Amino acid sequence: MSKKKLMLLGGLRYLLPVIEAARNQGYHVITCDYLPDNVAHKYSDEYHNVSITDKEAVLSLARQLKIDGIMSFAVDPGVITAAYVQEKMGLPQAGPYESVCILQNKDRFRSFLEVNGFNVPKARGYKCYEEVVEDKDCFEWPVIVKPVDSAGSKGVTKVETLDSLKQAVEHALACSISKRIIVEEFIEKKGCSSDSDCFSVNGEMKFISFSDQMFDENADNPYTPAAYIWPSTMDEGSQKELSKEIQRLVSLLGMKTSIYNVETRVGTNGKPYIMELSPRGGGNRLSEMLRYATSEDLIEKSVKAAVGENIYLSEDVRYDRFIMEVILHAERDGIFKELYIEPEVRKRNVIEEDLWVRNGDKVRGFKGANDAVGTLVLGFNSKEEMNNSFIHLKDWLKVLVS
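The following paragraphs examine the structure supplied in this document.

### What about the overall build of the chain?
So, step 1. A tally of helices and strands in the chain yields 13 helices and 20 strands.
So, step 2. For the chain, whose C-alpha radius of gyration is 21 Å, the value lies close to the compact-globule estimate of 21 Å for 402 residues.
So, step 3. For the chain, the proportion of its 402 residues judged to be buried stands at 54%.
So, step 4. Considering only intrachain contacts with a sequence separation of at least 6, the fraction spanning at least 24 residues in the chain is 67%.
So, step 5. For the chain, the accessible surface area stands at approximately 18000 Å², while carbon and sulfur atoms represent 46% of it.

Given below as structure tokens:
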């Protein structure tokens, strides 16, 4: 009996646990993108040099290879392409192609939320600075300016005054694949925002999780997530309301069996908001962190779903321990020297240290997720211990550069 063939779009290190999970299931793993030196290609069974944003080229390759499934785990640019190939070839789908296109475009997504009665920040899409200026009186300041189609906080700027608007618009346009941006009302959050992974089976949400998403206010881009904590400190009422709204959204869009990266927050006005919902695993190893925190393996479930195998998930999400993931990053551009971790913390709390740079490598200030130099996973026995550790993080953890 021949092995099932699973195509993974992209080649970033976030795919390594996906490749491992697929191989554990006995699948033949194919990776493709236009960067043959990407690390994941060293671990797949075969690699093809095809741009993951070229839907027709990927479709042609998929037909040629007679694949059984395709996914774009933690690789945002490939999500639409994966949905296109799934629909054209009749492969197992995360959801309808048109629905995936809505979820992957911030402009269309905000419009869909508004039309269907969800809590949503006031937002409009634009293709140039002049269009934004014409609408400057339509928004209450500050606003957030961002590309409609980027991930990892690339191109995102909070704009306090009109003087800063042009630079923010030009920055967002430069980071947009489609050269289109969105300007939206800034929702002041109550407590922490959440960025975590969820999972639906046949359109029913079976696993919904929330995190505390933390930021480094001194980073070059203070809107790039710098740490994550599970379980979330969001109040139970807001979590329940958001869970219902996530299910309603998935149902309206006709989504099927899929993992989702979901960003939510509660505003100071008391309203819960779904900020993003993308049918892919989140970057920054979020599903791996949930495996540490809950023992539920969403990565294994994702690869099995991609080739049409049955999935079982318990709807009762239980957290086995308190988990914190720190996104290691430099304070400024420079040459990496050393990662310092206080010995007692290393001994007591560090579960995993994943450093991506070596002494002498050039590193950049933290403007986006692609500027990270690694991740650090820590476990704690109590919420108090974890919170105290985060408050004093810069005392016990340092990325030293010269």
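### Regarding unusual backbone geometry
So, step 1. Here Trp141 and Pro142 are connected by a cis peptide whose omega angle stands at 5°.
So, step 2. One non-glycine residue, Lys66, lies in positive phi territory at about 55°.
So, step 3. For Lys66, the position within the fold is in the loop between helix H2 (55-65) and strand S4 (69-71).
So, step 4. Despite not being glycine, Asn284 shows a phi value in the positive range, around 60°.

### Focus on the sheet that holds strand S3 (residues 46-49)
So, step 1. Read from one edge to the other, the open sheet built from four strands follows the order S3-S2-S1-S4, with strand pairing classed as parallel. The open sheet is flanked by S3 and S4, the only strands paired with a single partner. Sheet twist, expressed as the average angle between the axes of neighbouring strands with direction ignored, equals 25°.
So, step 2. Bridge analysis of strand S1 (residues 5-9) against S4 gives three bridges, and the strand direction is parallel. Bridge pairing links Met7 to Ile70 in S4.
So, step 3. Packed onto the sheet, helix H1 (residues 16-24) meets S1, strand S2 (28-33) and S4 and runs at close to 155° relative to S2.
So, step 4. Contacting S1 and S4, helix H10 (residues 298-306) crosses the sheet at an angle of about 135° to S4.

### With respect to the state of the cysteines
So, step 1. Evaluation of the coordinates by the stated rule reveals zero disulfides.
So, step 2. Cys128 supplies the cysteine sulfur nearest to Cys175, a cysteine that is in no disulfide, at a spacing of 17 Å.
So, step 3. Owing to a relative accessible area of 28%, Cys175 belongs among the partly exposed residues under this scheme.

### Comments concerning the nonpolar core
So, step 1. Formed by 85 residues in total, the largest nonpolar core has its most connected members in Leu6, Met7, Ile67, Ile70, Phe199, Leu249 and Leu277.
So, step 2. If we ignore the near neighbours within four places in the chain, the residues touching Met7 are Ile30, Cys32, Val58, Leu61, Ala62, Leu65, Ile67, Gly69, Ile70 and Met71.
So, step 3. Among the nonpolar cores identified, the runner-up in size contains 24 residues, and Ala227, Val345, Met386 and Leu397 belong to it.

### Things to note about H2
So, step 1. Within H2, burial applies to Val58, Leu59, Leu61, Ala62 and Leu65. Mapping the buried residues of H2 onto a view down its axis gives an arc of 165°, with all of them on the same face.
So, step 2. The elements touched by buried residues of H2 are S1, S2, S3, S4 and helix H3 (79-89).
So, step 3. Of the residues flanking the end of H2, it is Lys66, one or two places downstream, whose phi is positive at about 55°.

### Some details on the sheet that holds strand S19 (residues 374-380)
So, step 1. Pairing within the open sheet is antiparallel, and its five strands lie in the order S11-S12-S15-S19-S17. Looking at strand neighbours, the two that pair on one side only are strand S11 (212-215) and strand S17 (350-355), the edges of this open sheet. When the angles between neighbouring strand axes are averaged without regard to direction, this sheet yields 15°.
So, step 2. As judged from the seven bridges shared by strand S15 (residues 322-328) and S19, these two strands associate in the antiparallel manner. Bridging from a neighbouring strand, Ile323 pairs with Gly379 of S19.

### Comments concerning the pattern of salt bridges
So, step 1. Applying the stated rule across the entire model yields 27 salt bridges.
So, step 2. Between Arg108 and Glu98 there is a salt bridge, with the nearest N and O atoms lying 2.2 Å from each other. Here Glu98 lies in helix H4 (residues 97-103) and Arg108 lies in helix H5 (residues 106-115), a separation of ten residues in the sequence.
So, step 3. Judged by its relative accessible area of 35%, Arg108 falls in the partly exposed class.
So, step 4. Note on Glu98: relative accessible area 41%, which makes it partly exposed.
So, step 5. In this structure, Glu385 and Arg348 form a salt bridge, with 3.5 Å as the shortest nitrogen-oxygen distance. Pair noted here: Glu385 is in helix H12 (residues 383-391) and Arg348 is in helix H11 (residues 343-348), with a separation of 37 residues, a long-range link.
So, step 6. Salt bridges here are not isolated pairs; linked through shared partners, they connect Arg110, Lys146, Glu184 and Glu276.

Rules used in this analysis
Each chain has its residues counted from 1, running along the sequence as written. Only residues with pLDDT of at least 70 are given local features in this predicted model, and only at 80 or more are side-chain atom pairs given and counted; all residues enter the totals for whole chains, interfaces and linings. Side-chain numbers come from the whole structure's heavy atoms, not from hydrogens or water. The secondary structure listing takes helices from DSSP runs of H or I that are at least 4 residues long and strands from runs of E that are at least 2 residues long, numbered from the N terminus. In this description the radius of gyration comes from C-alpha coordinates, and the expected globular size is given by 2.2 Å times residues to the power 0.38. The rule is simple: take the accessible area with a 1.4 Å probe, protein chains only, and divide by the maximum for that residue type; under 20% is buried, over 50% is exposed, in between is partly exposed. Any two residues whose heavy atoms approach within 4.5 Å at even a single point are treated as in contact. The accessible surface values rely on the Shrake-Rupley method and a 1.4 Å probe; as for residues, cover is taken only from the protein chains in view. By the convention used here, strands pair only if DSSP detects at least 2 bridges between them. Here an angle of 0 to 180 degrees is reported between the N-to-C directions of two axes, which are lines fitted to C-alpha atoms, with helices fitted over the stretch in contact. Working definition: a disulfide is two cysteine sulfur atoms within 2.5 Å of each other. Residues belong to one nonpolar core when they are buried, are Ala, Val, Leu, Ile, Met, Phe, Trp, Tyr or Cys, and are joined through side-chain atoms within 4.5 Å. This arc describes the spread of directions from the helix axis toward the C-beta atoms. Every case where a carboxyl oxygen of Asp or Glu lies within 4 Å of a side-chain nitrogen of Lys or Arg is listed as a salt bridge.

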